[in-house]
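# Breakdown of the fold
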Amino acid sequence: MPLPLAHAALGLAAHELSGENPPIHSPWRKLALIGLLANLPDIDVVIGLLLQGDGSVYHRGPTHGLLFALGMGWLASRLCRWWSRTASVSFIWCASIILSHILADALFTSAPVSFLWPFEVHWSREHCGWLDVIDSVLLGSWSDMGLIFGAGLVILFSRVLRLRVLPYLHPRPVRLTSRSGLDSKKPGP
Ligand SMILES: [Zn+2]
């Protein structure tokens, strides 16, 4: 399965393709937010470890579905707006990055995801304890080098060719720069 580093790289590629650049001034904060959103579906591993000592118990269930990506995308955009009014991020941007995780799991692994949950549910069957998770996160990222390299290529081509998958979903804000234009519509004294 793709591990956190690969999911973060694919999330970065999704951010690039989305055509949206959220007004977050610190690049590290932006990277952290992308990494967090791109790995959010695997919170089911943490929940499984904490509750059952087995990260696979709830893995690839509801958190690996379209509904989760949309719901958490909306929630994340609201939280960002609440956290900082100047660093607002759109629902589409958040949902796209979460969705990149689910699509990567579906495309690059043999185990299915519950994409249409609650209409379909697929649970991971392999036992996965604390040591398995720590071991794969620390040492297994080497197996994802191909995905990380691929995400880098997508970012490169996107910048060179100015590819934007969802530009029409991000309408340009209307700027009211001229006060005189507004004033001219007022009736005279
Ligand atoms: Zn996953």
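The structure displayed is predicted, hence computed values, not measured ones.

## Topic: the overall build of the protein
- Counting secondary structure elements, the protein contains 8 helices and 0 strands.
- Counting helices and strands in the order they occur from the N terminus, the protein gives α-α-α-α-α-α-α-α.
- Relative to its full complement of 189 residues, the protein shows a buried share of 32%.
- Within the protein, residue pairs in contact and separated by at least 24 positions form 74% of the contacts whose partners lie at least 6 positions apart.

## What to know about the nonpolar core
- One finds A9, L10, L37, C94, I97 and I98 to be the most contacted residues of the largest nonpolar core, which totals 30 residues.
- Elements with a contribution of two residues or more to this core: α1 (4–18), α2 (27–39), α4 (66–83), α5 (91–108) and α7 (145–161).
- Here this core takes 8 residues from α5, the largest share from any one element.
- The residues touching L10, leaving out its near neighbours within four places in the chain, are A38, S100, A104, L147 and A151.

## Quick notes on α1
- The first and last C-alpha atoms of α1 sit 21 Å apart over 15 residues, in line with the 21 Å expected at 1.5 Å per residue.
- Turning to α1, its buried residues number three or more, namely A6, H7, A8, A9, L10, G11, L12, A13, A14, H15, E16 and S18.
- Directly after α1, the chain includes G19, whose backbone phi takes a positive value near 80°.

## Digging into unusual backbone geometry
- A cis amide bond, omega 15°, links W117 with the succeeding residue P118.
- Turning to its location among the elements, P118 is positioned in the loop between α5 and α6 (130–139).
- A positive phi is found at R60, a non-glycine position, where the angle reads about 70°.
- By secondary structure assignment, the location of R60 is in the loop between α3 (43–52) and α4.
- Since 28 C-beta atoms lie within 10 Å of it, R60 is described here as buried.

Reading the values: the criteria
Residues numbered from 1 in each chain as written. Predicted model: local features only at pLDDT ≥ 70, side-chain atom pairs only at ≥ 80, totals over all residues. Helix = DSSP H or I, 4+ residues; strand = E, 2+ residues; numbered from the N terminus. Buried ≥ 20, exposed ≤ 12 C-beta atoms within 10 Å, placed from the backbone. Contact = placed C-beta atoms within 7 Å. Core = buried A, V, L, I, M, F, W, Y, C linked by C-beta atoms within 7 Å. Expected span 1.5 Å × (residues − 1).

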